[in-house]
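Working through the structure, step by step
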Amino acid sequence: MPIMNQQVAEHAFLQPLYADAYFPDHVLDKGKAILLSLCERIEAEQPADLPALYVLTEAATEQFNVLEAEFVAAGSEIETVAREEIGEDFWFVATAYGFSDADAEELIAARDW
């Protein structure tokens, strides 16, 4: 399903991480896919409030938790720089869909990284 939100469609998810050789592109591609899937779910389900949004972001965060093992297997990890960038992209998604009052920490509260 194509992303309908133009701001999201034009956004370069995880871009600073792609510029750093420490983070393998093939794993970042999976992270980008998680974020795009989150956007698709938001567009399809149209959460009415923050608790409904947090259910969706929790599921996406748990996918990143699983992806952490692939980072490690590739000689990398979701460390401080990656953690902040991923968090910023979750915040971008929330605000792009009109949830500017979302709590940035709550968006990724389920993280293990």
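Residues numbered from 1 in each chain as written. Predicted model: local features only at pLDDT ≥ 70, side-chain atom pairs only at ≥ 80, totals over all residues. Heavy atoms only, no water.

The name that an unreviewed UniProt entry assigns to the protein chain is DUF5713 family protein, with the source organism given as Streptomyces sanglieri.

1. Some points on the side chain of Asp-89
The residue Asp-89 is located in helix H5 (residues 80–96) in this model. Buried and unpaired, Asp-89 has Lys-32 as its nearest opposite-charge partner, separated by 9.6 Å. Here the side chain of Asp-89 touches Leu-14 through a polar contact of 2.7 Å, landing on its backbone nitrogen. Residues within four places of Asp-89 in sequence aside, it is in contact with His-11, Phe-13, Leu-14 and Leu-35. (Helix = DSSP H or I, 4+ residues; strand = E, 2+ residues; numbered from the N terminus. Buried < 20%, exposed > 50% of the residue type's maximum accessible area, 1.4 Å probe, protein only. Lys, Arg positive; Asp, Glu negative; His and termini not counted. Salt bridge = Lys/Arg side-chain N within 4 Å of Asp/Glu carboxyl O. Polar contact = N/O pair within 3.5 Å; in protein donor to acceptor, adjacent residues only side chain to side chain. Contact = heavy atoms within 4.5 Å.)

2. Here we look at the packing of helix H3 (residues 25–45) against H5
Contact geometry for H3 and H5: axes closest at 11 Å, N-to-C directions at 20 degrees. Relative to H5, H3 is oriented roughly parallel. Handedness of the H3/H5 crossing: right-handed. Mapping the contact onto sequence places Leu-35, Leu-38, Cys-39 and Ile-42 in H3 and Asp-89, Phe-90 and Val-93 in H5. (Axes fitted to C-alpha atoms, helices over the stretch in contact; angles between N-to-C directions. Parallel < 35°, antiparallel > 145°, perpendicular 65-115°, else oblique. Left-handed = near helix turned anticlockwise from the far one by under 90°.)

3. Some remarks on H3
Over its 21 residues, H3 runs 30 Å from end to end, which matches the ideal 30 Å to within 8%, given 1.5 Å per residue. Within H3, burial applies to Val-27, Leu-28, Gly-31, Ile-34, Leu-35, Leu-38, Cys-39, Ile-42 and Glu-43. Looking at the buried residues of H3, the elements they touch are helix H1 (6–9), helix H2 (15–18), helix H4 (50–73) and H5. (Expected span 1.5 Å × (residues − 1).)

4. Here's the deal with the packing of H3 against H4
When two helices pack together, their arrangement is given by the angle between the helix axes and by the axis-to-axis distance. The contact between H3 and H4 brings their axes to 10 Å, and the two run at 165 degrees. Compared by their axis directions, H3 and H4 come out roughly antiparallel. Crossing hand, H3 versus H4: right-handed. Contact residues: H3 offers Val-27, Leu-28, Lys-30, Gly-31, Ile-34, Leu-35, Leu-38, Arg-41, Ile-42 and Glu-45, while H4 offers Leu-53, Leu-56, Thr-57, Ala-59, Ala-60, Gln-63, Phe-64, Leu-67, Glu-70 and Phe-71. Residues belonging to the contact of H3 with H4 are distributed by class as follows: 13 nonpolar, 3 polar and 4 charged. (Nonpolar A, V, L, I, M, F, W, Y, C, P; charged D, E, K, R; others polar.)

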